[in-house]
Amino acid sequence: MVQNTIKIGPLSRSDLGTVLTCLSSNNNISVPVSSRVTIDMVFPAVDVSITTIGQPLSAGTVYIISCEAAGSRPDPIISWWLGSDELNGEEQVLEKNKDIVKSTIYFTPSTKDHGKVLVCRAENPHIVDSGIEDSWTLHIYCKIDIL
């Protein structure tokens, strides 16, 4: 048995899906033996951004807030945070378009949320400490009833 080893790298995102073929022959009579390997890789997200305009919000009003994460392979896990609390109770809608994953939540701020930071975090579940995030400091208006 004969063994051959090749070292390649560094690899980049453009190398994903590249096919490497090892071909072995020992004479002109027999058919060469070959083996193929396709390069498969995981990537962290390269960009995350809250795409909703960072305008002041009114307490008690429902807002649709979106965030997009790009470049992760496989798709990132997107989480939403308000201050140090994860927004687990908010319904999250996910959409995918090529390598961009969009997360949308329905958020109803209260006056207690004024000055808190809303964070969208994208993390590849296969890469430790790969999370990146975008944030928005909330400015909440409240309704005042004049009698």
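As shown above, the structure is provided for reference.
Report follows, based on the coordinates. Everything numeric in this text was worked out from a predicted model, so none of it was measured.

1. Section: the layout of surface pockets
Part 1 of the reasoning: Approximately 200 Å³ is the volume attributed to the largest pocket.
Part 2 of the reasoning: As for the largest pocket, its lining consists of Asn 4, Ile 6, Ile 8, Leu 20, Thr 21, Cys 22, Ser 35 and Val 37.
Part 3 of the reasoning: Going through the elements one at a time, β1 (19-24) and β2 (33-38) are the ones with two or more residues in the lining of the largest pocket.
Part 4 of the reasoning: The element contributing the most residues to the lining of the largest pocket is β1, with three residues.
Part 5 of the reasoning: Considering only residue class, the lining of the largest pocket consists of five nonpolar, three polar and no charged.

2. Considerations on the pairing of strand β10 (residues 117-123)
Successive residues of a regular strand alternate their side chains across the two faces of the sheet.
Part 1 of the reasoning: As paired elements, strand β6 (residues 77-82) and β10 share six bridges and run antiparallel to each other. Along β10, the bridge assignment pairs Ile 78 with Ala 122.

3. Details of the nonpolar core
Part 1 of the reasoning: Ranked by size, the top nonpolar core spans 22 residues in total, and within it Ile 65, Trp 80, Phe 107, Leu 118 and Leu 138 carry the most contacts.
Part 2 of the reasoning: Those elements that provide at least two residues to this core are β3 (47-50), β5 (63-70), β6, β9 (100-107) and β10.
Part 3 of the reasoning: The element contributing the most residues to this core is β5, with four residues.

4. Digging into the environment of Arg 73
Part 1 of the reasoning: The residue Arg 73 is located in the loop between β5 and β6 in this model.
Part 2 of the reasoning: Here the alpha-carbon distance between Arg 73 and Asn 4, two residues 69 residues apart in the chain, equals 30 Å.
Part 3 of the reasoning: Among all residues touching Arg 73, those that are not within four sequence positions of it are Leu 16, Asp 40, Met 41, Val 42, Phe 43 and Asn 124.
Part 4 of the reasoning: At 2.7 Å, the side chain of Arg 73 and the backbone oxygen of Met 41 are in polar contact.

Cut-offs and rules
Residues numbered from 1 in each chain as written. Predicted model: local features only at pLDDT ≥ 70, side-chain atom pairs only at ≥ 80, totals over all residues. Heavy atoms only, no water. 1 Å grid on protein atoms, 1.4 Å probe; cavity = no way out; pocket = protein on both sides within 12 Å on 5 of 7 lines; lining within 4 Å. Points joined across faces, edges and corners; volume = space filled by probe spheres on them. Helix = DSSP H or I, 4+ residues; strand = E, 2+ residues; numbered from the N terminus. Nonpolar A, V, L, I, M, F, W, Y, C, P; charged D, E, K, R; others polar. Pairing = 2+ DSSP bridges. Core = buried A, V, L, I, M, F, W, Y, C linked by side-chain atoms within 4.5 Å. Buried < 20%, exposed > 50% of the residue type's maximum accessible area, 1.4 Å probe, protein only. Contact = heavy atoms within 4.5 Å. Polar contact = N/O pair within 3.5 Å; in protein donor to acceptor, adjacent residues only side chain to side chain.

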